Amino acid sequence: MAKSQTSYVCQTCGASSTKWSGRCDACGAWNSIVEEAPLSAGPGAKALGAARGRTVPLTDLATNEAPPPRAASGIAEFDRVLGGGLVPASAILVGGDPGIGKSTLLLQAAASFARNGLKTLYISGEEASAQVRMRAQRLGLADAPVSLGTETNLRDILTTLDAERPALAIIDSIQTMWADNVDSAPGSVSQVRAAAHELVSFAKKRGVAVILVGHVTKEGQIAGPRVVEHMVDTVLYFEGERGHQFRILRAVKNRFGPADEIGVFEMTGGGLAEVGNPSALFLSDREEPAPGAVVFAGIEGTRPVLVEFQCLVAPSPLSQPRRSVLGWDGGRLAMILAVLEARCGIPFAGLDVYLNVAGGIRVSEPAADLAVATALLSAREDISVPRDTVVFGEISLSGALRPVGQTENRLKEAQKLGFTTAITPSRSKAGDKPDLALKHYSDLAGFVGDIFGAG
Ligand code: TYD
Ligand code: MG
């Protein structure tokens, strides 16, 4: 029988090779290759089917256990993103760019949970305790009953957690943690994976909720690519544009609540302040109507949010005109330009197109198609859209307008913010709104002809 060989497997992409190297040839990740023993190692190893294991106890799906009580921090934007508060013994990852405000957010959350009677431990591996205490003082949190530790040795941290048995432990950050049984530097894939694994299993075994802070690399991934995301129950990203005041906490995975939920915060001198009415924030100061500016009635998570698309169209000196998009999908923009040309006879060849979502929020709904098309036309024709108008609807490749979900919520939000006209696809279902005039169109060409007198 041929001797089975040890193989070296990349922990990022799963590629396998016969020798170790510092960098995976398949995916280019550094330090991600580990030795894996062959499956049938050891002389006594038997095929799984040959030796009998024990029978796993099975149950049915019905349960009369109540759902676990959630602990609210009192920071409404934070609790909502968690799906209605913190679930005991859950593991949560909060990722974001360095300097975006993760430590600030979690120190504020720690203080709120602690003030609500939850035993809370905050472990910082990045800052000295004096630094954290100074920050707490500046944020007016110095009196909150949070226990603060500064440590990076995972073994010591686990021992401390075991002795203290808090309800919540915050680890800032997972990249600074060091497991002494793993032979690589802190921050490496194997260390991050080992530390996250230990902390998550500890959370489940001992009933301690853990929040792990993770820095995001330039490519937008939490280092230890994706491995930590699989291990935890909830993944939150804290995002924001540099130079903008506000920050968005977004749930990208949540075993205990809706994904895609967002919480909106504003970074102030006194820490992060909640923004209860994000629509007002994302709409720029709209004194005069401007060509290219269109308000889209969107849905973020479970909440309607109005955002403004801004578009500029200018003759291009380049043989291949520019298509610059911020806050929306470039591929989707190309599709809308193609539909405008093919179905409405409006070409954008030889024109540079710049499209931004004001305020730095990202929109990913196809429901924004019609708002984008409107912004494009408004900029191209130099005709302003009245500033009391909101637009939404999906555009199909045939140029038909398709109704989108949550029409009623979108319209209500528009009405609440003082808009008086809504442009929507024909088959949208909506109740009567006395102060909101609804304009329905079934296809893009009809809409373009009516509003811009072209098409
Ligand atoms: P921090 O929470 O340290 O970021 P992270 O943990 O994600 O790396 O936030 C640092 C930034 O936040 C820093 O640039 C200063 C700013 N900040 C304020 O504007 N106001 C405040 O009250 C605090 C504490 C920080
Ligand atoms: Mg930090």
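Residues numbered from 1 in each chain as written. Chains lettered and ligands numbered in written order. Predicted model: local features only at pLDDT ≥ 70, side-chain atom pairs only at ≥ 80, totals over all residues. Heavy atoms only, no water.

Scanning the entire structure with this criterion turns up 20 salt bridges. A salt bridge links Arg-303 to Glu-77; its shortest N-O distance comes to 3.2 Å. Here the residue Arg-303 occupies a position in strand β14 (residues 303-315), and Glu-77 occupies one in helix α1 (residues 76-81), the gap between them amounting to 226 residues. When its relative accessible area of 4% is taken as the criterion, Glu-77 is described as buried. For Arg-165, the salt bridge identified is with Asp-162, shortest N-O distance 3.2 Å. (Salt bridge = Lys/Arg side-chain N within 4 Å of Asp/Glu carboxyl O. Helix = DSSP H or I, 4+ residues; strand = E, 2+ residues; numbered from the N terminus. Buried < 20%, exposed > 50% of the residue type's maximum accessible area, 1.4 Å probe, protein only.)

Taken together, 16 residues form the shell around ligand 1, and within it Gly-99, Lys-102, Ser-103, Thr-104 and Gly-271 come nearest. Residue Thr-104 places a side-chain N or O atom 2.6 Å away from an oxygen atom belonging to ligand 1. Here Gly-271 contributes a backbone N or O atom positioned 2.8 Å from an oxygen atom of ligand 1. Burial of ligand 1 by the protein chains amounts to 72% of its free accessible area of 560 Å². Elements that contribute at least two residues to the shell around ligand 1 include exactly α2 (102-115), α3 (129-138) and β11 (262-268). (Near = heavy atom within 4 Å. Polar contact = N/O pair within 3.5 Å; in protein donor to acceptor, adjacent residues only side chain to side chain. Areas by Shrake-Rupley, 256 points an atom, 1.4 Å probe, with all protein chains shown as cover.)

We now examine unusual backbone geometry. Put simply, Asp-172 and Ser-173 share a cis peptide bond, and its omega is 5 degrees. Relative to the assigned elements, Ser-173 resides in the loop between β7 (168-172) and α5 (189-206). Positive phi outside glycine occurs at Asp-260, with the angle close to 80 degrees. Turning to its location among the elements, Asp-260 is positioned in the loop between β10 (246-254) and β11.

Okay, the nonpolar core next. Counting 61 residues, the largest nonpolar core has Phe-296, Phe-309, Trp-328, Leu-340, Phe-348, Leu-376 and Leu-444 as its most contacted members. Per-element tally for this core: the top contributor is helix α9 (residues 369-381), with eight residues. Viewed by domain, this core spans two of them, domain 2 (76-275) and domain 3 (281-452), each represented by three or more residues. Residues contacting Leu-444, with those up to four places away along its chain left out, are Val-339, Leu-340, Cys-344, Leu-370, Ala-373, Ile-395, Gly-399 and Leu-401. Val-81, Val-132, Leu-141 and Ile-211 belong to the second-largest nonpolar core, a separate cluster that totals 34 residues. (Core = buried A, V, L, I, M, F, W, Y, C linked by side-chain atoms within 4.5 Å. Domains from an automatic or database assignment. Contact = heavy atoms within 4.5 Å.)

Burial in helix α11 (residues 444-452) covers these residues: Leu-444, Phe-447, Val-448 and Phe-452. Across the axial projection of α11, the buried residues extend over an arc of 100 degrees, all falling on one side. In this fold, the buried residues of α11 make contact with α8 (330-344), α9, β18 (394-395), β19 (401-402), β20 (421-425) and β21 (437-441). Where α11 begins, one side-chain oxygen reaches toward the backbone nitrogen of Ala-445, 3.2 Å away; that side chain belongs to Asp-443. Phi turns positive, to about 60 degrees, at Gly-453, one or two residues after α11. (Arc of directions from axis to C-beta.)

Next up on the list: the pairing of β14. Bridging between strand β13 (residues 293-300) and β14 involves eight bridges; their strand directions are antiparallel. Within β14, the position partnered with Ala-297 by the bridge is Leu-306. Remark: two residues form the turn of the hairpin made by β13 and β14, two consecutive strands paired antiparallel; Gly-301 in that turn has positive phi of roughly 65 degrees. Looking at chain direction, β14 and strand β16 (residues 351-357) are connected through seven bridges and run antiparallel. (Pairing = 2+ DSSP bridges.)

This part takes up the sheet that holds strand β2 (residues 16-17). Ordered by their spatial adjacency, three strands build an open sheet running β2-β1-β3, and the pairing between neighbours is antiparallel. The sheet is open, and its two edges are formed by β2 and β3 (33-36), each paired on a single side. Summarising the sheet, strand β1 (residues 7-10) and β3 pair through four bridges and their orientation is antiparallel. Looking across to β3, one finds that Tyr-8 is bridged to Glu-35.

As a further point, take the sheet that holds strand β4 (residues 91-96). As summarised here, the arrangement of the nine strands in space is β6-β5-β7-β8-β4-β9-β10-β11-β12, forming an open sheet in which the pairing is mixed. With partners counted over all chains shown, the strands left at the sheet margins are β6 (146-150) and β12 (271-274), one partner each. For this sheet, the mean inter-axis angle between neighbouring strands, taken without regard to orientation, is 25 degrees. As judged from the four bridges shared by β11 and β12, these two strands associate in the antiparallel manner. Directly across from Glu-266, in β12, lies its bridge partner Ala-273. Across the sheet, α3 lies against β5 (120-124) and β6, angled at about 145 degrees from β6, the strand it touches most. (Axes fitted to C-alpha atoms, helices over the stretch in contact; angles between N-to-C directions.)

What follows deals with the domain arrangement of the protein chain. Structurally, the protein chain comprises domain 1 (1-36), domain 2 (76-275) and domain 3 (281-452). Computed over C-alpha atoms only, the centres of domain 1 and domain 3 are separated by 49 Å.

The next thing to look at is the packing of aromatic side chains. With the rule as written, the count across this model stands at six aromatic pairs. Judged by centre distance (6.1 Å) and plane angle (75 degrees), the rings of Phe-238 and Phe-265 are edge-to-face. You can see Phe-238 sitting in strand β9 (residues 234-239) and its partner Phe-265 sitting in strand β11, a full 27 residues away along the chain. Owing to a relative accessible area of 2%, Phe-238 belongs among the buried residues under this scheme. Where Phe-309 meets Trp-328, the ring centres are 6.1 Å apart and the plane angle is 85 degrees; that geometry is what we call edge-to-face. Within this pair, whereas Phe-309 is found in strand β14, its partner Trp-328 is found in the loop between β15 (323-326) and α8, the two being separated by 19 residues in sequence. Overall, Phe-309 belongs to the buried group, its relative accessible area being 0%. Its end group placed over the ring of Phe-348, Arg-380 keeps NZ or CZ at 5.5 Å from the ring centre. Above the ring of Phe-392, the side-chain terminus of Arg-410 is found at 5.5 Å from the ring centroid. (Phe/Tyr/Trp six-rings, centres within 6.5 Å; stacked < 30°, edge-to-face > 60°. Lys NZ or Arg CZ within 6 Å of the ring centre and 35° of its normal.)

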